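Tertiary structure, described
Given next are the chains, with one letter for each unit.
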Amino acid sequence: MTTTTMTAQVRTGGKFLFTVLAIASGLLLCVQSRINGALGAKLGDAIAASTISFGVGLAAMILLALLVPAVRSSVRQVPRALAQGRFPRWYLVAGAVGALIVFSQAAAVPLIGVALFTVCLVTGQSIGSMFMDRVGFGGAMPRKINALRLLGVVLTIIGVIWAVSPRGADAQLSTLLLPMALSAAVGMLMGFQGAANGVQAAAYGSATAATLVNFAVGFVVLMLVMIVRLPAGVELNPLASTWWHYIGGLLGCLFVGITAMVVKRLGVLVTSLAAVGGQLVGSLLLDAFFPAPGSVITTATVMGTLLTLLAVGLASVSRARNAKDVHPPKLSCVKRIARRVLAVYPPFSSATYAGIHELTALGKGLGR
């Protein structure tokens, strides 16, 4: 077996592992949506539930940094990276986007359920992620949105709608428009959040440090909102007595950390699509083992999940093809064009083509 073959196998295995991690992050996000939605309904206040969730996540990250030397060392790189301007400071807004995600979970899920929330979130994710990949956000190479990638996004949306259609058919659309619009808008911002956290992880040298910064920024934003609301009075129901109401922040830590780690390897679009597959699998598992009132698993749910996973595969194949064209051999392209032009004008072909061949060889030598 040649070295080239072994390297290709390692790259393929690595891509598969990162895809599995992206799917797992989507599963975590689905479970987090259910938990934060339940906490918001219990407290009767979505912002308070979001603040508690972020506070738990931030406390967990600080504790991890205190106990693990490697994490503590990576966190020390945060002030240095900010001082040296390794990335635009407005990328820190990704933490505020994280707070908005948790708020949308706490506010929208009790009104429209996890099913419709997932539909709207995924629709926004698909659009936002395509835009992030197209413009090459965060220094990444811009990626073309070809027909295969577009088909993957369309199939993802169709698959999610198909999967949740049995549970959303009886809802009154007029009462759902606002929470659905909020969920879709948040989904569009998730592409930016993943890309910005990926850039920060590279600057800090650790996805864990990027996760801690994300939760710190989000918690500060939510606390400021809570302080602004104090003069008007904030009435809360009694705190939930069950422990699982408070683990949404821990799941959020895992989601942000995994996303920051894999987005540089898979790209924003494929990471988001894989996460969508995880969300659907999570919905199936939740409805099977921890069903909410009125939730059922139907053939449409299973088939929609399979269709969405197919869409993830299509997007992955498309990305692999596009990766070959990221750095096109420009001199070779010029050479091929010259061949076609000189075929039309044969009197110049001999001397001119020889000159182009020499320039090509010179360019390759300089490139080394």
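Now for a quick tour of the structure. The numbering scheme is per chain: residues are counted from 1 as the chain's sequence reads. Reporting in this predicted model follows two pLDDT cut-offs: at least 70 for local features of residues, and 80 or more for side-chain atom pairs to be given and counted; totals over whole chains, interfaces and linings ignore these cut-offs and use all residues. With hydrogens and water set aside, each side-chain value is computed from the structure's full complement of heavy atoms.

Description of the overall build of the protein
Here a helix means four or more residues in a row that DSSP labels H or I, a strand means two or more in a row labelled E, and each is numbered from the N terminus. From N to C terminus, the protein includes 13 helices and zero strands. Mapped from its N terminus to its C terminus, the protein presents α and β elements in the order α-α-α-α-α-α-α-α-α-α-α-α-α. Think of it in three bands: with a 1.4 Å probe and only protein chains considered, a residue is buried below 20% of the maximum accessible area for its type, exposed above 50%, and partly exposed in between. Counting across all 368 residues of the protein, residues that qualify as buried make up 45%. Whether two residues are in contact is decided by their heavy atoms: any pair within 4.5 Å suffices. For the protein, contacts bridging at least 24 residues in sequence account for 85% of all contacts bridging at least 6. Of the accessible surface of the protein, which amounts to about 18400 Å², a share of 71% is contributed by carbon and sulfur atoms. Every accessible area reported is derived by Shrake-Rupley at a probe size of 1.4 Å, with residue values counting cover from the shown protein chains alone.

Quick word on the packing of helix H2 (residues 46-67) against helix H5 (residues 94-135)
Packed helices, taken two at a time, are described by the angle between their axes plus the distance between the axes. With axes taken as lines fitted to C-alpha atoms, and helix axes fitted only over the stretch in contact, angles between N-to-C directions fall between 0 and 180 degrees. Across the interface, H2 lies against H5 with an axial gap of 8 Å and an inter-helix angle of 125 degrees. Taken together, the axis directions place H2 and H5 in an arrangement best described as oblique. In this structure, H2 meets H5 at a crossing whose hand is right-handed. Together, Ala46, Ile47, Ala49, Ser50, Ser53 and Phe54 of H2 and Gly95, Gly98, Ala99, Val102, Phe103, Ala106 and Ala107 of H5 make up the contact between the two elements. For the contact of H2 with H5, the per-class residue count stands at nine nonpolar, four polar and no charged. Should an angle lie under 35 degrees it is considered roughly parallel, over 145 roughly antiparallel, and from 65 to 115 roughly perpendicular; all remaining angles are considered oblique. Take the far helix as your reference; a near helix turned counterclockwise from it by less than a right angle gives a left-handed crossing, and one turned clockwise gives a right-handed crossing. In this classification, the charged set is Asp, Glu, Lys and Arg, the nonpolar set is Ala, Val, Leu, Ile, Met, Phe, Trp, Tyr, Cys and Pro, and all remaining amino acids, among them Gly, are polar.

Remarks on the packing of aromatic side chains
The description of an aromatic ring pair uses the distance of the two centres, along with the angle that the planes make with each other. In this analysis, rings of Phe, Tyr and Trp, with Trp reduced to its six-membered ring, are considered paired at centre separations within 6.5 Å, and the interplanar angle assigns stacked below 30 degrees, edge-to-face beyond 60, and tilted for intermediate values. Taken as a whole and judged by the stated rule, the model has five aromatic pairs. A centroid spacing of 5.7 Å and a plane angle of 75 degrees characterise the contact between Phe87 and Tyr204, whose relative ring orientation is edge-to-face. Here Tyr204 lies in helix H7 (residues 177-204) and Phe87 lies in the loop between helix H4 (77-84) and H5, a separation of 117 residues in the sequence. Across the pair, Tyr204 and Phe87 agree in class, each one buried. On the numbers, 5.7 Å between centres and 0 degrees between planes, the contact of Trp90 with Phe192 is stacked. Of this pair, Trp90 sits in the loop between H4 and H5 while Phe192 sits in helix H7, and the two are 102 residues apart along the sequence. On the basis of relative accessibility, which here comes to 49%, the residue Trp90 falls in the partly exposed class. For Phe192, a relative accessible area of 10% gives the class buried. Through a chain of ring-to-ring contacts, three or more aromatic side chains come together here, namely Phe87, Trp90, Tyr91, Phe192 and Tyr204.

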